[in-house]
Amino acid sequence: MSNDKTSTLILSPDERGNYVTWAKGKRQVRGLLTGAGYKAVGLFRPRKENRDEFSIMAQKEGIAYRVTVSRIPGAELYFTPNPLTY
């Protein structure tokens, strides 16, 4: 199964400029996932591993997904299914 791209879930810029802060970006990602019916599972990958990307596990209807999104305004969330859950 390939990466599913959901174009309706995108990050918005910070009100102070054309960027996404780490703290507000994490809130946005969790809010977008919840609004789309996903449940965020666990913690985000540490910033020191890749500071330009958010990554977290999410679950919907018993299937786990790795959700990744770049830290730029307008970036789309990418869902990669975990092969052990379907």
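Before reading further, recall that the structure is shown in the block above.
Remember, it's a predicted structure, so these values are computed and weren't measured experimentally.

## A few points about the nonpolar core
Part 1 of the reasoning: Ranked by size, the top nonpolar core spans 17 residues in total, and within it Val-29, Leu-33, Phe-54, Val-67, Val-69, Leu-77 and Phe-79 carry the most contacts.
Part 2 of the reasoning: Among the elements of the structure, α1 (22-35), β3 (53-60), β4 (63-70) and β5 (76-81) are those that each provide at least two residues to this core.

## Looking at the side chain of Thr-21
Part 1 of the reasoning: Of note, Thr-21 is situated in the loop between β1 (4-10) and α1.
Part 2 of the reasoning: Of the residues examined, Thr-21 reaches a relative accessible area of 15% and is grouped as buried.
Part 3 of the reasoning: There is a polar contact of 3.2 Å between the side chain of Thr-21 and the backbone nitrogen of Lys-24.
Part 4 of the reasoning: Among residues more than four places away in sequence, those in contact with Thr-21 are Asp-14, Arg-16, Phe-54 and Arg-71.

## Some points on the packing of aromatic side chains
Part 1 of the reasoning: In this structure the tally under the stated criterion is five aromatic pairs.
Part 2 of the reasoning: Judged by centre distance (4.7 Å) and plane angle (25°), the ring pair of Tyr-38 and Phe-79 falls under stacked. Taken together, the positions of Tyr-38 in the loop between α1 and β2 (39-41) and Phe-79 in strand β5 put the pair 41 residues apart, joining distant regions of the chain. Side by side, Tyr-38 and Phe-79 carry an identical accessibility label, which is buried.
Part 3 of the reasoning: Ring geometry for Tyr-65 and Phe-79: centres 6.1 Å apart, planes at 90°, overall edge-to-face. Taken together, the positions of Tyr-65 in strand β4 and Phe-79 in strand β5 put the pair 14 residues apart, joining distant regions of the chain.

## Things to note about the pairing of β5
Part 1 of the reasoning: Here β5 shows a clear split, with Leu-77, Phe-79 and Pro-81 buried on one side and none of Glu-76, Tyr-78 and Thr-80 buried on the other.
Part 2 of the reasoning: Linking two consecutive strands that pair antiparallel, namely β4 and β5, is a turn of five residues; a positive phi of about 85° is found at Gly-74 within it.

What counts, and where the lines are drawn
- Residues numbered from 1 in each chain as written.
- Predicted model: local features only at pLDDT ≥ 70, side-chain atom pairs only at ≥ 80, totals over all residues.
- Heavy atoms only, no water.
- Core = buried A, V, L, I, M, F, W, Y, C linked by side-chain atoms within 4.5 Å.
- Buried < 20%, exposed > 50% of the residue type's maximum accessible area, 1.4 Å probe, protein only.
- Helix = DSSP H or I, 4+ residues; strand = E, 2+ residues; numbered from the N terminus.
- Polar contact = N/O pair within 3.5 Å; in protein donor to acceptor, adjacent residues only side chain to side chain.
- Contact = heavy atoms within 4.5 Å.
- Phe/Tyr/Trp six-rings, centres within 6.5 Å; stacked < 30°, edge-to-face > 60°.
- Pairing = 2+ DSSP bridges.

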